[in-house]
Amino acid sequence: MGAQARSESIGDARALLTEMITDEPDRLRRRSISLGVPVDDADDAAQMALLRAWRSVAHLETPEPGRVCSWLDAIARNVAIDLSRQRARRPQAELDDEMPDAVNVAGAAEIRVILDGALAALHDLPDSLREPLLLTAVDGLSAGEAAERLGIDPAAVRQRVARARKALGACRQSGMGVD
């Protein structure tokens, strides 16, 4: 078969496929359900079957309505088998009955904004204030232990921690640096 004839044959097959889908748009969906695909997944299975058919229409030897119909059924069967295998490999997780309500989601988002602002304010502190604050507040070191690590006097650690807290307090009052 020449290139021109093959191109015409592909065009005829695509036209016939388009006509079949236009005339009976739910055919592949119903076929998928009859093959055991869950109703919720039937539209996706039909779309995948149609996509596979469209991509491989060049492999169809003779574009006759009966052949196209059985060819399309075979593709739908293969899609159903593939979906079944995918579900077997990745079982669906059970959803909790308790769904977070909008108030919890909004509260979590608000907390996230506040925390992001606090972290930004903390990172904006100069190292000389941030390090003593983190050593005492996060690591739980005493002023003496932090002073030993930083190589400064314990009084300087207490003073720097107080200045850092004051700077963070000012950020908090101004909205944690969030515009």
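Remember, predicted model here, so these are calculated numbers, not experimental data.

Caption draft 1: Structural detail: the pattern of salt bridges. As enumerated under the stated definition, the model contains eight salt bridges in all. Taking the shortest distance from any N to any O, the salt bridge between Asp 82 and Arg 52 comes out at 2.8 Å. Placement of the pair is Asp 82 in helix α4 (residues 65–89) and Arg 52 in helix α3 (residues 39–55), with a sequence separation of 30 residues. According to the relative accessible area criterion, Asp 82 is partly exposed, its value standing at 25%. Connected through shared salt-bridge partners, Arg 27, Arg 31 and Asp 73 make up one network.

Caption draft 2: Layout of the packing of helix α2 (residues 27–34) against α4. The geometry of α2 relative to α4 is characterised by a closest axis approach of 10 Å and an angle of 50° between their N-to-C directions. Viewed along their axes, α2 and α4 adopt a mutual orientation that is oblique. Regarding α2 and α4, the two cross each other, and that crossing is right-handed. Contacts between α2 and α4 involve Arg 27, Leu 28 and Arg 31 on the former and, on the latter, Cys 69, Leu 72, Asp 73 and Ala 76. Looking at the contact of α2 with α4, its residues break down into four nonpolar, no polar and three charged.

Definitions and limits used
- Residues numbered from 1 in each chain as written.
- Predicted model: local features only at pLDDT ≥ 70, side-chain atom pairs only at ≥ 80, totals over all residues.
- Heavy atoms only, no water.
- Salt bridge = Lys/Arg side-chain N within 4 Å of Asp/Glu carboxyl O.
- Helix = DSSP H or I, 4+ residues; strand = E, 2+ residues; numbered from the N terminus.
- Buried < 20%, exposed > 50% of the residue type's maximum accessible area, 1.4 Å probe, protein only.
- Axes fitted to C-alpha atoms, helices over the stretch in contact; angles between N-to-C directions.
- Parallel < 35°, antiparallel > 145°, perpendicular 65-115°, else oblique.
- Left-handed = near helix turned anticlockwise from the far one by under 90°.
- Contact = heavy atoms within 4.5 Å.
- Nonpolar A, V, L, I, M, F, W, Y, C, P; charged D, E, K, R; others polar.

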